[in-house]
Amino acid sequence: MAPSPKKVPDNFHSVTPHLVVKGAKNAIAFYKKAFGATGEDCMTMPGAPDQVMHAQIRIGDSMIMLADEFSGCSEGPDGSGATPVTLHLYVEDADAVFAQAIAAGATVGMPLADMFWGDRYGQVIDPFGHRWSIATHMRDYTPEEMAKGAEEMFAAHAAQQG
């Protein structure tokens, strides 16, 4: 009798993002250029070699699945960056990865800054409408220091809104 397959396949975590995009092959090329993605297990639609039915890439130690939009089955974001989901990347050098993503064609969603919770943090919007936060953890703060920093940040933001 053959051994039972693993319930969670090797190289996967408990939660795996599955992105739906317009132009999955182009998205794969972008993620390689912007974030250093590797691999490309790509299955196309029967009779439609330009449409990706399922693909897998890896960024760091995380697997991401991708597919093209299919009407009535799965649809991607509208491209505006107005999405309720942000994909978060912890990296060794947020400034370098942020610049690499912009050079690859992403737009700034939130400029990089040193944040009150201890991360160097910013957001980009990829050409396919997905929002990515990019961070490097720089310092450990106490809960009290974070609360004070949050108050200061939101007070400054409110003052700017005037």
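Let me begin by describing the structure that accompanies this report. (Residues numbered from 1 in each chain as written. Predicted model: local features only at pLDDT ≥ 70, side-chain atom pairs only at ≥ 80, totals over all residues. Heavy atoms only, no water.)

## Let's talk about the side chain of T136
Turning to step 1, where the next piece is worked out: Positionally, T136 belongs in strand 8 (residues 131-137).
Turning to step 2, where the next piece is worked out: The class of T136 is buried, set by a relative accessible area of 9%.
Turning to step 3, where the next piece is worked out: The contacts of T136, once residues within four sequence positions are left out, are Y90, V91, E92, D93, A94, G118, D119 and R120. (Helix = DSSP H or I, 4+ residues; strand = E, 2+ residues; numbered from the N terminus. Buried < 20%, exposed > 50% of the residue type's maximum accessible area, 1.4 Å probe, protein only. Contact = heavy atoms within 4.5 Å.)

## Focus on the side chain of S133
Turning to step 1, where the next piece is worked out: Structurally, S133 is set in strand 8.
Turning to step 2, where the next piece is worked out: Those residues in contact with S133 that sit more than four places away from it in its chain are T86, L87, H88, L89, Y121, G122 and Q123.

## Overview of the environment of A101
Turning to step 1, where the next piece is worked out: Within the secondary structure, A101 sits in helix 2 (residues 94-104).
Turning to step 2, where the next piece is worked out: Spatially, the C-alpha atom of A101 lies 9.7 Å from that of W132, the residues being 31 residues apart in sequence.
Turning to step 3, where the next piece is worked out: Among all residues touching A101, those that are not within four sequence positions of it are F30, A34, F35, A106, V124 and I134.

## Some details on the pattern of salt bridges
Turning to step 1, where the next piece is worked out: One pass over the full model with this rule turns up four salt bridges.
Turning to step 2, where the next piece is worked out: Between R120 and D114 there is a salt bridge, with its nearest N and O atoms 3.4 Å apart.
Turning to step 3, where the next piece is worked out: With relative accessibility at 58%, the residue D114 sits in the exposed group.
Turning to step 4, where the next piece is worked out: Note that K148 and E152 form a salt bridge whose closest N and O atoms lie 3.8 Å from each other. One end of the pair is K148 and the other is E152, both in helix 3 (residues 143-161) and four residues apart, which spans about a single turn.
Turning to step 5, where the next piece is worked out: Owing to a relative accessible area of 54%, K148 belongs among the exposed residues under this scheme.
Turning to step 6, where the next piece is worked out: With a relative accessible area of 47%, E152 lands in the partly exposed category.
Turning to step 7, where the next piece is worked out: Among the ionic contacts, a cluster of salt bridges with common partners joins D95, D114 and R120. (Salt bridge = Lys/Arg side-chain N within 4 Å of Asp/Glu carboxyl O.)

## Digging into the sheet that holds strand 5 (residues 86-90)
Turning to step 1, where the next piece is worked out: Reading across from one edge, 5-8-7-6 is the order of the four strands in this open sheet, with mixed pairing throughout. Either end of the sheet is taken by a strand with one partner, and the two such strands are strand 5 and strand 6 (107-114). If you compare each strand with its neighbour and ignore which way they point, the axes differ by 15 degrees on average.
Turning to step 2, where the next piece is worked out: In the sheet, strand 5 pairs with strand 8 via five bridges, with the strands oriented parallel. Across the sheet, T86 pairs through a bridge with R131, a residue of strand 8. (Pairing = 2+ DSSP bridges. Axes fitted to C-alpha atoms, helices over the stretch in contact; angles between N-to-C directions.)

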